[in-house]
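# Report on the structure
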Amino acid sequence: MLSVDRVLEEPVELYLYSRDASLMQGQATCVVFPHTTAEVAEVVRVAERHSVPIVARGAGTGLAAGAIPVDGGIVLSTTAMNQIEIDVENRTAWVGAGVINLDLSNEAEPFGLVFAPDPSSQSACTIGGNVANNSGGAHCLAEGATTSHVLGMEVVLAGGEILILGGQAPDMPGLDLKGLMVGSEGTLGVVTRALVRLLPIEADVRTLLLDFEELEGATRTVSEVIASGLVPAALEIMDQKMTTAVENWLKAGLPCDCAAILLAEVVGEPEAVEAEAALISRIGLANGAREVKVARDEAERAILWKGRKSAFGAVAQVSPNYYLHDTVVPRSRLVETMEEVQAIADRYGLDVYNVFHAGDGNLHPLMAFDASDPVMLDKVHKAGEEMVAACLSRGGALSGEHGIGLEKRDMMRADFTELDLDAQARLKEAFDPGGIFNPAKVLPEGSRCFDFGGVRREIPDGAWV
Amino acid sequence: MTAAAGGGPERVAPSSVEDLVTVLASATEEQRVVNVVGGGTRQGYGSPPPPDLVLEMSGLAGIEEWDPDDLTVTVGAGTEVAELEAELAERSQTAVLPEIPGRSTVGGVISVGVSSLRRARLLGTRERMLEVRLVTGDGRVIRGGGRVVKNVSGYDLPRLVVGAFGSLGVITSVCLKLWPVPPASATVTIDDIGASERVRRPLAVLERNGVTEVFLWGTPEEVSASGGRLGGVAVEGHHWPADPEGPFQWSVRVPPASTSAAVGRLPAGWDYLAIHGAGEIRAASADSQGADELRSWVETSGGALVETQAPDGALDGLDPWGSPPPGLEIQRRLISQFDPGRVINPGRLPGGL
């Protein structure tokens, strides 16, 4: 079906394709690289015939262990499905699941268009992965996460059935199946191509850097900016520890002697960005900002963003391992949540670095540690679970943009009732009665109140390492 | 809970989620067809059988939780859109729901899947959805999503209920993402639709029976600069056009770039309101003549022509939805997991679902 050069079976290769950017390790049976949707359908049929799970995989940048084969299975790499067809008139593009996020925007740029979702990993992560995880990014404050930009898709479902869902026209009749596929982490089928919305590149942009002696000044600035009627393109906060790590690595000229920095960006017509930038400065200064720096040109702007998007890389420079969490709280409860996150880290004797999408209330506490020390690893997991619980107790959510995967599936019970999870399991069952697509992800074992005869797989020992 | 006597179907207005559970569980047991009514403004969709029971949602209304700082609001499904938006406007916020809602309710607008006229800029009703609570046909109370603006925990049930006509359950409350209303706004009438392109991302470009208006909002500086670029006659504030009304009502859905072409193909005499940039046209007509040809053109262009209302007993031979959508079998399986007796609004969805 697929030629030998498009199937990997060597142990080293299988090892590599059994990992993603999480701390977990799975076990692949083989890795395949289909070129077309028809080939994917063929792989699905073979997998079903042999009752072997299928785990679709883009670039493996996922942080929630959503793309690792838990207990054997076919890893279906989408990287060979990388066509881009742009429709300039309608501002849409059909994009192969394996296309890299940034490549799409680069391809669209000559037409004055851009793909809005911009996860920090955008130079590596794929559109298929973005669709699977409903990825966000710094700019989804104003423009929404991936789901707001997916208009349609080609999918392969159970039985190898190929469907085109949605389309360029709005509100296509019937249940919105393509919307359900977005964020389903490969558990309902395999998305082979996505029809995405592109946005016109804005006429002008201003990027501001404000530094605060207290974190609260930064978060209050965020609240007041939004209360003024403005939804900036981005509002990002980094705490002192994170800022220092970034500055030591990149020399971006970030102030390291303040409690927090706020990176704000406004886009639009030139008159608008001028007025909006002035407004943000005013609000920032009134809330204790020591200084407001406005990027003078694209080069300065690029370095500020590089600082933000390299935050995780910066920590990798100072620590052998890090564990990054992703949770959300109502924006009004950011400060108290941050304080508790710090208290939890202190209690476990862990270093925590903070960078977050302040406008969305989306926290990314990052714990630096040495994974070769099993005691440390255990502490990190326990502290992480407590941080998530702290967010949930404030009306927050388990994950804002990284997904549930294997990492958080057992925490789903802390957020949802048995009936809620049963309903989720029923959605899964309607698509994938045989339990072939990315099993053991998203939903905890036993979510379905009544057994449905699918293959049950326990997480093998050591999957957390 | 009240039940009115008299002819026709029984009418029930549950005053709590528990009431609703009882009503739906017994409807499923007794195989009684339930028609859910919010404001009763959009009861013309699909081909439903006559109901045994009319479920009025007015008892599950009101704002449950609203912290303006969070840009989220949680409301009962029976809350009237106009009431909610008036409340939000006092703190300069909007849920970006339809502008002239009449007596439409939040739950009704979501279940039917109609959107704001601002959808080209701020997107449709599905993008408002953060959390949904619903009661399934067999009386299970379930929740999906959460009360935060960003959430990827589990399958996206909140967005799935948009346009689902209650087939996954009767919505009892939702948490919506809000948008702050900026200080300045204007409505600019222009002669030529092409002029609207001088503003990169206007709030809305609407064409009502040949008259084109551009809606702007933002800082005063931005609104006045954009207004100047457009030319035309500008007035302060937003003066939203009403949806066309007539015995027959239609929703034309085409790729955005085909909006003008679709307007050009509307049969003579149809009133219309086109949302440029979104590919949606709302239309009304005295009869359904010419709808067949329009539908075949629209479907060939990758869209749909939906008959959203027809007079009682109109025998125009048209399927209200047009060609059946892909994945009907999966849709049927999904629905059977949530409404196993298929008692909530059967026949409203395409494909006879």
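A few points on the structure. This one's a predicted model, so the numbers in the text were calculated from it and none came from an experiment.

For the rest of this paragraph, the subject is the overall build of chain B. Helices and strands together make up the secondary structure of chain B, namely nine helices and 19 strands. What you see for chain B is a C-alpha radius of gyration of 21 Å, in line with the 20 Å of a compact globule of 353 residues. With the C-alpha coordinates aligned to their principal axes, the bounding extent of chain B is approximately 65 × 50 × 40 Å. Once local pairs closer than 6 in sequence are excluded, the contacts in chain B between residues at least 24 apart make up 67%.

The subject of this paragraph is helix 7 (residues 215-227) of chain A. Residues and elements named next belong to chain A. The end-to-end C-alpha distance of helix 7, which contains 13 residues, comes to 19 Å, matching closely the 18 Å that a straight helix rising 1.5 Å per residue would cover. Extensive coverage of helix 7 is indicated by the burial of ten of its 13 residues. Taken together, the buried positions of helix 7 are Leu-215, Gly-217, Ala-218, Thr-219, Arg-220, Thr-221, Val-222, Ser-223, Val-225 and Ile-226. Two residues or fewer after helix 7 comes Gly-229, characterised by a positive phi angle close to 100 degrees.

All names here are of chain A. Its location among the elements puts Gly-62 in the loop between strand 3 (54-57) and strand 4 (74-77). Linking Gly-62 and Pro-200, residues 138 residues apart in sequence, is a C-alpha distance of 28 Å. Setting aside anything within four residues of it in sequence, one finds Gly-62 in contact with Asp-20, Ala-21, Ser-22, Ala-67, Gly-129, Asn-133, Gly-403 and Gly-405.

Ile-54, Leu-76, Ala-194 and Leu-262 of chain A together with Val-161 and Val-174 of chain B are the most contacted members of the largest nonpolar core, which totals 204 residues. Counting residues in each nonpolar core, the second largest holds 39 residues, with Ala-186, Val-205, Ala-283 and Ala-291 of chain B among its members.

What holds strands together in a sheet is hydrogen bonding between their backbones, with the strands either parallel or antiparallel. All names here are of chain A. Overall, mixed pairing links the four strands, which are arranged 1-2-4-3 in an open sheet. Strands with a single pairing partner mark the edges of an open sheet, and in this sheet they are strand 1 (7-8) and strand 3. Both strand 2 (residues 30-32) and strand 4 contribute to a ladder of three bridges, which runs parallel. In the strand pairing of strand 4, Val-32 is matched with Leu-76. Together, strand 2, strand 3 and strand 4 form the strand contacts of helix 2 (residues 37-50), whose direction differs from that of strand 4 by roughly 175 degrees.

What follows deals with the sheet that holds strand 5 (residues 63-67) of chain B. Residue and element names in this part refer to chain B. Within the open sheet, the five strands sit side by side as 5-6-10-8-9. Their pairing is antiparallel. Strands with a single pairing partner mark the edges of an open sheet, and in this sheet they are strand 5 and strand 9 (141-145). For this sheet, the mean inter-axis angle between neighbouring strands, taken without regard to orientation, is 10 degrees.

Next up on the list: the interface of chain A and chain B. Interfaces are often sized by the accessible area lost when the parts come together. Contact with chain A, which involves 74 residues of that partner, is made by 69 residues of chain B. Here the side of chain A that touches chain B gets nine residues from one element, more than from any other, and that element is helix 15 (residues 418-431) of chain A. Grouping the constituent residues of the side of chain A that touches chain B by class yields 34 nonpolar, 25 polar and 15 charged.

What counts, and where the lines are drawn
Residues numbered from 1 in each chain as written. Chains lettered and ligands numbered in written order. Predicted model: local features only at pLDDT ≥ 70, side-chain atom pairs only at ≥ 80, totals over all residues. Helix = DSSP H or I, 4+ residues; strand = E, 2+ residues; numbered from the N terminus. Rg over C-alpha atoms; globule rule 2.2 N^0.38 Å. Contact = placed C-beta atoms within 7 Å. Expected span 1.5 Å × (residues − 1). Buried ≥ 20, exposed ≤ 12 C-beta atoms within 10 Å, placed from the backbone. Core = buried A, V, L, I, M, F, W, Y, C linked by C-beta atoms within 7 Å. Pairing = 2+ DSSP bridges. Axes fitted to C-alpha atoms, helices over the stretch in contact; angles between N-to-C directions. Nonpolar A, V, L, I, M, F, W, Y, C, P; charged D, E, K, R; others polar.

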